[in-house]
Amino acid sequence: MTVQDIDQSTFERDWSGWRRQHEAQLASPHGFLAITSINWLSGEPQRFGDAPGSWHAAPDGVTVDLAEGEELSVDGQPICGRYSFRPIPERGSIYATAGDAVIEIARRGGFDIVRPRHPGHPLRANFASVPVYDPDSRWVIPARYTAFAEPQPTTVGAVVEGLQHVYDAPGYVEFEIDGQPLRLTAFNGYEPGGLNILFTDATSGVTTYPASRALQVSAPDAAGAVTLDFNRAVNLPCAFTPFATCPLPPADNKLPVAVEAGEKLPREYAG
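Numbers given for residues are sequential positions, taken from 1 along each chain in its written order. Residue-level local features of this predicted model are given only where pLDDT is at least 70; pairs of side-chain atoms are given and counted only at 80 or more, and the full residue set underlies all totals for whole chains, interfaces and linings. Water and hydrogen atoms play no part in the side-chain values, which are based on all heavy atoms of the structure.

S.K.: Got a minute to help me understand the nonpolar core in this structure?
M.R.: Where a protein is soluble and globular, its nonpolar side chains tend to be buried together. Counting residues in each nonpolar core, the largest one holds 24 residues, and the members touching the most others are Leu26, Leu33, Phe127, Phe187, Leu236, Cys238 and Phe240. Only runs of H or I of at least four residues qualify as helices and only runs of E of at least two qualify as strands under DSSP, and these elements are numbered from the N terminus. The set of elements that each furnish at least two residues to this core consists of helix H1 (8-26), strand S11 (140-157) and strand S12 (164-177). Setting aside residues up to four positions removed in sequence, cysteine 238 forms contacts with Val159, Tyr209, Ala244 and Cys246. Grouped together as the second largest cluster of nonpolar side chains are 23 residues, Trp139, Ala143, Tyr145 and Val217 included. Only buried residues count toward a nonpolar core, which is a set of Ala, Val, Leu, Ile, Met, Phe, Trp, Tyr and Cys residues joined through side-chain atoms within 4.5 Å. Burial here depends on accessible area, computed with a 1.4 Å probe over protein chains only, as a share of the maximum for the residue type. Under 20% is buried, over 50% is exposed, and the range in between is partly exposed. Should any heavy atoms of two residues lie within 4.5 Å, those residues are counted as being in contact.

S.K.: What exactly am I supposed to notice about the sheet that holds strand S3 (residues 51-58) here?
M.R.: Strands in a sheet are paired, the pairing made by backbone hydrogen bonds, and the direction either parallel or antiparallel. The rule for pairing is simple: two strands pair if DSSP sees at least two bridges between them. Here four strands make up an open sheet; going across it, the order is S2-S3-S4-S7 and the pairing antiparallel. Edge strands, defined here as strands with exactly one partner in the open sheet, are strand S2 (46-48) and strand S7 (82-84). Along the sheet, successive strands turn relative to each other by an average axial angle of 30 degrees, direction set aside. Sheet topology places S3 next to strand S4 (residues 61-65); five bridges connect them, and they run antiparallel. Note that in S4 the partner of tryptophan 55 across the bridge is valine 64. The convention used is that axes are lines fitted to C-alpha atoms, helices contributing only their stretch in contact, and that angles between N-to-C directions extend from 0 to 180 degrees.

S.K.: It is not clear to me how H1 should be interpreted in this structure. Could you clarify?
M.R.: Its 19 residues place the ends of H1 27 Å apart at the C-alpha level, agreeing with the 27 Å of an ideal helix rising 1.5 Å per residue. Against the buried residues of H1 lie S11, strand S16 (225-229) and strand S17 (234-235). Any helix carries an expected span of 1.5 Å times its number of residues minus one.

S.K.: Hey, could you run me through the environment of alanine 251 in this one?
M.R.: Counting through the fold element by element, alanine 251 comes out in the segment after S17. On the basis of relative accessible area, alanine 251 is assigned to the exposed category, the value being 65%. Sequence spacing of alanine 251 and leucine 184 is 67 residues, and the spatial spacing of their C-alpha atoms is 9.9 Å.

S.K.: Can you walk me through the pairing of strand S13 (residues 180-188) in this structure?
M.R.: The sheet contact formed by S12 and S13 spans seven bridges and is antiparallel. Along S13, the bridge assignment pairs glutamate 176 with proline 181. Hairpin geometry of S12 and S13 is characterised by an intervening segment of two residues between the two adjacent antiparallel strands and by a positive phi of about 50 degrees at aspartate 178. Examined bridge by bridge, S13 and strand S14 (residues 195-199) share two bridges and lie antiparallel to one another. Residue pairing for S14: phenylalanine 187 is matched across the bridge by asparagine 196.

S.K.: Just checking my understanding: could you explain the pattern of salt bridges for this structure?
M.R.: Two side chains with opposite charge may pair up if their charged atoms get near one another. The salt bridge criterion pairs a side-chain nitrogen of Lys or Arg with a carboxyl oxygen of Asp or Glu, the two atoms within 4 Å. Tallied over the entire structure, the rule returns eleven salt bridges. The salt bridge involving aspartate 65 is made with arginine 82; its shortest N-O contact spans 2.7 Å. Taken together, the residues span a long stretch of sequence, with aspartate 65 in strand S4 and arginine 82 in strand S7 at a distance of 17 residues. Using a relative accessible area of 22% as the deciding quantity, one classes aspartate 65 as partly exposed.

S.K.: What am I meant to see in the sheet that holds S11 here?
M.R.: One open sheet holds the seven strands; their spatial order is S16-S11-S12-S13-S14-S15-S17, and the pairing between them is antiparallel. Here the strands that pair on one side only, and so sit at the sheet edges, are S16 and S17. Judged from the five bridges that link them, S14 and strand S15 (residues 213-217) form a sheet pairing that is antiparallel. Counterpart to leucine 195 in the pairing with S15 is valine 217.

S.K.: Please explain the pairing of S11 as it appears in this structure.
M.R.: Remark: a regular strand shows side chains that alternate across the two faces of the sheet. Here five bridges tie S11 to S16, and the two strands are oriented antiparallel to one another. The residue bridging isoleucine 141 from the neighbouring strand is leucine 228, located in S16. Between S11 and S12, which follow one another and run antiparallel, lie six residues, and glycine 162 among them has a positive phi close to 85 degrees.

Here it is, written out as structure tokens:
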């Protein structure tokens, strides 16, 4: 696809529909904007003001002890007293409910965490929208995907100091901006065969979130052709809340050009 192939009215209509859907998901009752704390578990029981129970972690999983009058629901079943969750894989999550709140039990960077999500949290209640660049078909860029012979385990940092994430990178994309050849390592995307690209560029820390933005890319065709629509570059949850553990981009995913497309710094960003 080239810029000349794009019908502008269709392009803007599709982009507007995608924006509405994306922001609705961002502001969902138990999305990242509803998180009220992040709690790192240890073997020592701990209580938190925004979740029922006393929590601790062990090699065989997370356990909660609920006092008299406290209750959680797991898979639709009410639980009281002591309850042990099954071991959680890295980047996995289990969700319990407590009234109108959802309690996320997750594993990030080798640590077990508890993250309560309350729909009435002011960050969510006051959310309006995310500032964005105007959609511009110039930023719909054809690219070529090349798969590695084997997925390459890639260690990246995180917005949480001392935390690291390891992802299998299936390959990379190559493209040009204003005649300058560029390359980005890709991770697996949300859709089957799709790609997820974490990157920074010359706008990062100026008009866009400094740590990273993310771009979902549809699955390559049989020849490896993909389209990078930077108008759909979005902030990671850590741009809105301090209770996220977002990964940083691979070291080589720092574009030397200003990608003036996609989401800008959120109004909620506190630096």
